[in-house]
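The chain contents come next:
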Amino acid sequence: AAAIDLPDDAPLKAKSDWTQLGKSQPRTDMLGKVTGTAQYAGDVRLAGQLFATVRTNPGLDAAMISYDAKDALAMPGVKHVLAVDGGVAVVATSTWAAFQAAESITFDWAPATYPANSADQTAQVAASFAPDFQDSQSRDDGDTDAALKTGTAFTAEYTVPYLAHATMEPMVAVAHVQDTRADVWAGNQLPTQVLVEAAKITGLAPEQINVHTTLMGGGFGRRAEMDFIRQALQVANQLRGTPVLLQWSREEDMTHDAYRPMATARISASVQDGKVVAMDYHVASAAVVESQAGRLGYSIPGPDATIVQGAKDQPYTFPNYRVTGYRVPAGVPVGSWRSVGSSQNAFFHESAM
């Protein structure tokens, strides 16, 4: 692009030559959506299809030690109880039968490696306001320390909890694995990664795998996660030749999200003659990119700009303005939201303003 010789004065296209501007651009998916005929992953029906749901360790990085499914296997419609990452899948002749059977299974779960309750997690965030946890994505304009000693002082602390995406459509995927072909139907935000996961699980070559990206009832970053798709593939791979629709319960969805991070901001400022003359903004949060990229098998070295996103890049012109981010140790899985770091930082920053 840098080698292109651009004209100094590029003429505008004559209005008579426009082909798109000024014309109605109807959405091609509108008819299906307003008539209820639009196809989501949960609408897929194939010959011989079975239905599944999962129960996995509420400790989101922990294993299943053991389980007892004898009552579930005796229930009407239940065909199998199969191993998946971190737990089991119940396979039945209907989603409702799978849901009911899953409720009857007892588990012995291994504990998670991160703090087990909100109070201890909040304390871990608070302890991260220390030099050893400082992330280098910061902003430092002027002499903030000196300016904070002038004018009227302002201090505040804000905290937000982990927050689930709570998409309207539950996590659902259909997988059909055969000896020379695999198909996956899922609302997803990363179809190339679905291909990678399917190849790993089935052992098939990428050209033997077909990813059908359906409509989705809300994504917001949640459907860039591969957990529910991987589980559907794991079940279908154990039942080769049988298509399987795997759907999470709402309880499973709330328990196993890649959440918006728990985060805390500590803000000091000074106001003089009605103007903010200094702001010192400190925020501690887990690193979204570290967590999400790690689940996909990628290493992302260096600082995570999402920790200070929506604070470091604010357009205010305070003469003295410092923003410092602290990385909370990885624990509860966190992931992308529609606004990623701005989700919490815009709230913190604008509340202080």
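Above: the structure in question.
Residues numbered from 1 in each chain as written. Predicted model: local features only at pLDDT ≥ 70, side-chain atom pairs only at ≥ 80, totals over all residues. Heavy atoms only, no water.

Trainee: So what's going on with the environment of Arg 260? Residues and values would help.
Mentor: Looking at where Arg 260 falls in the secondary structure, it is placed in the loop between α8 (250-255) and β12 (263-272). Taking relative accessible area as the criterion, Arg 260 reaches 9% and is therefore assigned buried. The sequence separation of Arg 260 and Val 332 amounts to 72 residues, and the corresponding C-alpha distance is 10.0 Å. With near-sequence residues (within four places) excluded, Arg 260 lies in contact with Val 160, Pro 161, Tyr 162, Leu 163, Val 334, Trp 337, Ser 343 and Gln 344. (Helix = DSSP H or I, 4+ residues; strand = E, 2+ residues; numbered from the N terminus. Buried < 20%, exposed > 50% of the residue type's maximum accessible area, 1.4 Å probe, protein only. Contact = heavy atoms within 4.5 Å.)

Trainee: Could you give me a rundown of a nonpolar patch on the surface, with the residues and numbers involved?
Mentor: Taken together, the side chains of Met 30, Leu 31 and Val 34 present a nonpolar region at the surface, about 310 Å² in accessible area. Take Met 30: it is sitting in helix α1 (residues 30-35). (Patch = residues over 30% accessible without salt bridge, like charges linked within 9 Å, V, L, I, M, F, W, Y side chains within 5 Å. Areas by Shrake-Rupley, 256 points an atom, 1.4 Å probe, with all protein chains shown as cover. Salt bridge = Lys/Arg side-chain N within 4 Å of Asp/Glu carboxyl O.)

Trainee: Got a sec to walk through the environment of Ala 116? Specific residues and values, please.
Mentor: Within the fold, Ala 116 resides in the loop between β5 (106-109) and α4 (118-127). Look at Ala 116 and you get exposed, because its relative accessible area is 74%. Between the C-alpha atoms of Ala 116 and Thr 213, which are 97 residues apart in sequence, the distance is 36 Å.

Trainee: So, the sheet that holds strand β8 (residues 172-177): which residues are in play, and what are the values?
Mentor: The sheet built from seven strands is open, its strands ordered β3-β4-β1-β11-β8-β9-β10 with mixed pairing. In this open sheet, the two strands that pair with only one neighbour each are β3 (78-84) and β10 (209-213). Strand-to-strand twist across the sheet, computed as the mean angle between neighbouring axes with direction ignored, equals 20°. Here strand β1 (residues 50-56) pairs with strand β4 (residues 87-92) via six bridges, running antiparallel. Each residue of the ladder has a partner; that of Arg 55, found in β4, is Val 88. Helix α7 (residues 227-238) contacts β1, β3, β4, β8, β9 (182-186) and β11 (244-247) of the sheet and is inclined by roughly 30° relative to β8. (Pairing = 2+ DSSP bridges. Axes fitted to C-alpha atoms, helices over the stretch in contact; angles between N-to-C directions.)

Trainee: Which residues make up α7, and what values do they have?
Mentor: For α7, which comprises twelve residues, the first-to-last C-alpha distance of 17 Å matches the rise-based estimate of 16 Å (1.5 Å per residue) to within 8%. Those residues of α7 that fall on the buried side of the exposure criterion are Phe 228, Ile 229, Gln 231, Ala 232, Leu 233, Gln 234, Val 235 and Ala 236. (Expected span 1.5 Å × (residues − 1).)

Trainee: Account for the pattern of salt bridges, naming residues and giving values.
Mentor: According to the stated counting rule, one finds 19 salt bridges in the structure shown. Lys 33 serves as the salt-bridge partner of Asp 29, at 3.1 Å between the closest nitrogen and oxygen. Of the residues examined, Lys 33 reaches a relative accessible area of 40% and is grouped as partly exposed. In this structure, the salt-bridge partner of Arg 266 is Glu 157, at a minimum N-O distance of 3.1 Å.

Trainee: How would you explain the nonpolar core if you had to name every residue and give the values?
Mentor: One finds Val 91, Ile 229, Leu 233, Val 235 and Leu 246 to be the most contacted residues of the largest nonpolar core, which totals 30 residues. Put simply, the parts of the chain that give this core at least two residues each are β1, β3, β4, β8, β9, α6 (191-202), α7 and β11. The leading source of residues in this core is α7, at six residues. (Core = buried A, V, L, I, M, F, W, Y, C linked by side-chain atoms within 4.5 Å.)

Trainee: I'd love a proper account of the side chain of His 256, names of residues and values included.
Mentor: Within the fold, His 256 resides in the loop between α8 and β12. Judged by relative accessible area, which is 11%, His 256 ranks as buried. The contacts of His 256, once residues within four sequence positions are left out, are Thr 56, Asn 57, Pro 58, Leu 60, Arg 222, Asp 227 and Trp 248.

Trainee: Talk me through the sheet that holds strand β7 (residues 152-160); I want residue IDs and the actual numbers.
Mentor: Sheet strands associate in pairs through backbone hydrogen bonding, adopting either a parallel or an antiparallel arrangement. Strand order in this open sheet of five strands is β6-β14-β13-β12-β7, and the pairing throughout is mixed. On the outer flanks of this sheet lie β6 (134-141) and β7, each paired with one strand and no other. Adjacent strand axes in the sheet meet at a mean angle of 10° when their direction is disregarded. Examined bridge by bridge, β7 and β12 share nine bridges and lie antiparallel to one another. By the bridge assignment for β12, Tyr 158 is matched with Ala 265.

Trainee: Describe in detail the packing of aromatic side chains, supporting the description with residues and values.
Mentor: Enumeration over the complete set of coordinates arrives at nine aromatic pairs. For the pair Phe 347 and Phe 348, a centre-to-centre distance of 5.8 Å together with 50° between the ring planes defines the contact as tilted. Aromatic rings pair up to connect Tyr 67, Phe 107 and Trp 109 into one cluster. We note Arg 260 situated over the ring of Trp 337; from NZ or CZ to the ring centre the distance is 5.9 Å. (Phe/Tyr/Trp six-rings, centres within 6.5 Å; stacked < 30°, edge-to-face > 60°. Lys NZ or Arg CZ within 6 Å of the ring centre and 35° of its normal.)

Trainee: Account for the pairing of β10, with residues named and values stated.
Mentor: Pairing geometry for β9 and β10, over five bridges, is parallel. Across the sheet, Val 184 pairs through a bridge with Val 211, a residue of β10. In this view, the connection linking β9 to its parallel neighbour β10 by way of α6 has right-handed handedness. (Right-handed = clockwise from strand over helix to strand, strands pointing away.)

Trainee: So what's going on with the environment of Phe 129? Residues and values would help.
Mentor: Note on placement: Phe 129 falls in the loop between α4 and β6. By relative accessible area, which is 18% here, Phe 129 ends up buried. Note: C-alpha distance between Phe 129 and Pro 58 (71 residues apart in sequence) is 28 Å. In this structure Phe 129 touches Thr 264, Arg 266, His 282, Val 283, Ala 284 and Tyr 326, once residues within four positions along its chain are discounted.

Trainee: Outline the side chain of Asn 188, listing residues and values.
Mentor: Summarising the element assignment, Asn 188 is placed in the loop between β9 and α6. Since its relative accessible area comes to 4%, Asn 188 is described here as buried. Within polar-contact distance, the side chain of Asn 188 engages the backbone oxygen of Ala 186 at 3.0 Å. When sequence neighbours within four positions are dropped, the list of residues in contact with Asn 188 reads Val 194, Val 211, Thr 213, Met 216, Arg 223 and Ile 229. (Polar contact = N/O pair within 3.5 Å; in protein donor to acceptor, adjacent residues only side chain to side chain.)

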